Amino acid sequence: MAPNLSDPDHVNKNDQGSSSSQKGTQFTPNGLSLYPEAGAADIIEDTGLVISGFDREPVLEKDGSVRIYENEDLIDEISFSKETATLGGDGAEKMTFNVGSQFAVALPPTKRVSGALYLRPHPGTLKTGRTYNIVITDGAVTGTVNGNKFCGISEGWSFTTRENVPEIKDRAIRVATDLFDPEGMITCCKAPSFDGDPNTTHSPADQIVPDFTTIQGALNHAQSGDNACKDFHIEIFPGTYRELLYYAGSGTIRMTGLGSHSSKDPGAVSEIGSAREKEFGNSGTPDYSKGAGCVIVEFINSTSNNPSEESRNLLNIAGGNFIIENMGFENTYSRINDPKGSQSEALGMYSSHGTFAAYNCFFKGHQDTIRIEGKSWFYNCYISGDTDFLWTEQHNRVLLIERCNLVAVYDNYRTPGSNIAYLTAPRMTITDTVGKGLVVLNSNVTVLRGAKAFFGRTPWSKGYYNQAAFINTKVTVEDGAEFVCDWSKPETEETVSLKDRENLGWKQYGTVICGDAESRTSENISAYTPASTSDDASAYAPASTPEDASAYAPASASEDASAYAPASTSEDASANAPAFSTVLTDSFVNKEYAGRDAVINRLYSVPAKIWSRDDEEYWDLNALISRMGWNCTEDVSVSG
């Protein structure tokens, strides 16, 4: 169990130093605490190392490191400057990432605890049933403990890992972090007996020993040896997990964040994402207190660390199928000291035949927050970024964003004049058979103060379809922001025949813009306001009833908020549309965009000019919803 860091008089029972020495000590002076404690046994092999009790935030010298020995053999060395991490299971495909200095983190004192040093051994390095010794050379860490100089640790700090990984059969893999929470406390490596309420008090006898202390430890287990093709459920206890994640197996992985923000409380996790939103580069910090009971994964990754598209993500998926619920993913890269590393994905899925579903989650990054292939579906999520932060790759069939909150952020550390946000970059290879591409359905978009946003763009010269559709989308433009309801750099539109624009290219229907009137680009879409203040933000009605046939009205009284139709089919309905978009008709929307089944599972034959059901890769989302017990709106659409 982690030491009680809230006790300033805590003395390690294995203290071999002298607190009266003015020259410092070689081990633990009075007030210094170690985790794992010296001589501890049954330690989970992916645990972190913690030294606390410093008078102030310790300074990690650039050339310093921490060494881990087994007997006389050097097993691992944690550098304070440039580090790499190789992730993946035993016998499985692995990937190496540059992680900089993020395996060694110095933390300042808070009102509750003293200064501390957190160290993460390289993933997969420590094994079961081994005894390890930790050595910190004099001068590697500069700091004082109760006024005494810290001179490192040369001997005495050793611990033994558990004999074996517990048998995981017919149950979920359990993960509980040993990392510091934002206020500096160490989370006990024994997770509480959990009933969904993080405030419930349990006795030590009720505590559950987790299988791993890192999410990557669980993913390594799920892709090692024969496990690589099996399905696993990973339950993750509340906390902040500072790590990169990588999976290359072929099974279905379900990751569930436990806590008060469960699937029975839809929207809570995305609200935490909103609470943590800030102007990137602002010296302030997000309010982490609103994340109590939530699982948050955060790490810095960008093109500066890892230039390839496959390695610059926070969550890297190279195979299989993924289901994620009740979790937050924040790539904490900042342009303040690294303006060239702006491509900083929160999620990268580069498995064109896999599926990905996210429910009640948030994803935060800068450029390319979401980069995804395969079939994917986000429901009730919060997604923010600036450039191309919804990016579908060329092999993608469909990415459905349903009832989500999308936020175009302003970053005051970007080059002046370049604060343009593009919601989408929907690249799709020109082939005979295509899917719906990137679809934003019954969702909300917010453009933050200072930003100028477009619905999307293509940063590629030619050779791709801009396959995207915004259906019943409400756009809120904050004061001092600007929104252009159009497509920037539409170079590839020449590949789409004017007669086929409703099937291919950039499309919209029922767009509602609220806020800065000067940002509205056409009367066709600016004349709409919410019908009421109900929670159903997608239930829109005309602000007025102009003679212009662009005034949309509900097609019926159905609860299906997506059932909107133009008041008439006059040619005037599209006359005011942006130059590179197509305003869809009510009949087309009611057939092809009425709900998730029709969006996800219908393909378009370009030569035959017909839509039909995708029988080869049919994905039954309604069955998934029922199996997961998620709270989703009823889907009345059909795929065929």
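Please read these numbers as outputs of a predicted model, since none were measured by experiment. (Residues numbered from 1 in each chain as written. Predicted model: local features only at pLDDT ≥ 70, side-chain atom pairs only at ≥ 80, totals over all residues. Heavy atoms only, no water.)

Draft legend 1. Inspection of the overall build of the protein at higher detail. The helix and strand inventory of the protein stands at six helices and 51 strands. Relative to its 640 residues, the protein shows a buried fraction of 57%. Counted over contacts in the protein with a minimum sequence separation of 6, partners at least 24 positions apart contribute 69%. For the protein, the exposed area adds up to about 25000 Å²; of that, 46% sits on carbon and sulfur atoms. (Helix = DSSP H or I, 4+ residues; strand = E, 2+ residues; numbered from the N terminus. Buried < 20%, exposed > 50% of the residue type's maximum accessible area, 1.4 Å probe, protein only. Contact = heavy atoms within 4.5 Å. Areas by Shrake-Rupley, 256 points an atom, 1.4 Å probe, with all protein chains shown as cover.)

Draft legend 2. Representation of the sheet that holds strand 9 (residues 104–107) in the model. Strand order in the open sheet formed by four strands is 1-3-10-9, with antiparallel pairing between adjacent strands. Either end of the sheet is taken by a strand with one partner, and the two such strands are strand 1 (33–35) and strand 9. Ignoring which end each strand starts from, the neighbouring axes of this sheet average 10° apart. When strand 3 (residues 49–54) meets strand 10 (residues 115–119), the two strands line up antiparallel, connected through five bridges. Opposite L49, over in strand 10, you have L119 as the bridge partner. (Pairing = 2+ DSSP bridges. Axes fitted to C-alpha atoms, helices over the stretch in contact; angles between N-to-C directions.)

Draft legend 3. How the structure looks around the sheet that holds strand 15 (residues 158–161). If you walk across this open sheet you meet the five strands as 2-15-11-5-6, and the pairing is mixed. For this open sheet the edge positions go to strand 2 (40–43) and strand 6 (73–79), each flanked by a neighbour on one side alone. Adjacent strand axes in the sheet meet at a mean angle of 30° when their direction is disregarded. Summarising the sheet, strand 5 (residues 65–70) and strand 6 pair through six bridges and their orientation is antiparallel. Each bridged residue has a counterpart across the sheet, and for R67 the counterpart in strand 6 is E77.

Draft legend 4. Local environment of the side chain of D368. Here D368 shows up in the loop between strand 27 (362–364) and strand 28 (370–372). Within the local environment of D368, its side chain forms a polar contact with the side chain of Q343, the two groups lying 3.1 Å apart. In this structure D368 touches R312, Q343, E345, A346, T387, D388, F389 and W391, once residues within four positions along its chain are discounted. (Polar contact = N/O pair within 3.5 Å; in protein donor to acceptor, adjacent residues only side chain to side chain.)

Draft legend 5. Just helix 1 (residues 215–222), in detail. Here helix 1 lies mainly inside the structure; seven of its eight residues are buried. All of the buried residues along helix 1 are I215, Q216, G217, A218, L219, N220 and A222.

Draft legend 6. The arrangement of the nonpolar core in detail. I215, M255, M327, F329, F356, F363 and F378 are the most contacted members of the largest nonpolar core, which totals 103 residues. If one sorts the elements of this core by residue count, helix 1 sits on top with four residues. In this structure, M255 is in contact with I215, L219, I234, I236, F322, I323, I324, E325, M327 and F329, ignoring residues within four places of it in sequence. Grouped together as the second largest cluster of nonpolar side chains are 33 residues, V434, Y465, A469 and V589 included. (Core = buried A, V, L, I, M, F, W, Y, C linked by side-chain atoms within 4.5 Å.)

Draft legend 7. Structural view of the packing of aromatic side chains. Considering all chains together, one arrives at 18 aromatic pairs under this definition. When the ring of Y132 is compared with that of F159, the centres are 6.3 Å apart and the planes differ by 50°; the resulting orientation is tilted. Placement of the pair is Y132 in strand 11 (residues 131–136) and F159 in strand 15, with a sequence separation of 27 residues. Given the relative accessible area of 1%, F159 is considered buried. On the basis of an interplanar angle of 40° and a centroid distance of 5.1 Å, the ring pair of Y604 and W611 is categorised as tilted. The residues Y604 and W611 share a single accessibility class, namely buried. In this structure an aromatic cluster arises from ring pairing among F329, F356, F363 and F378. Across from the ring centre of Y464, 4.9 Å away, lies the NZ or CZ of R427, which sits over that ring. (Phe/Tyr/Trp six-rings, centres within 6.5 Å; stacked < 30°, edge-to-face > 60°. Lys NZ or Arg CZ within 6 Å of the ring centre and 35° of its normal.)

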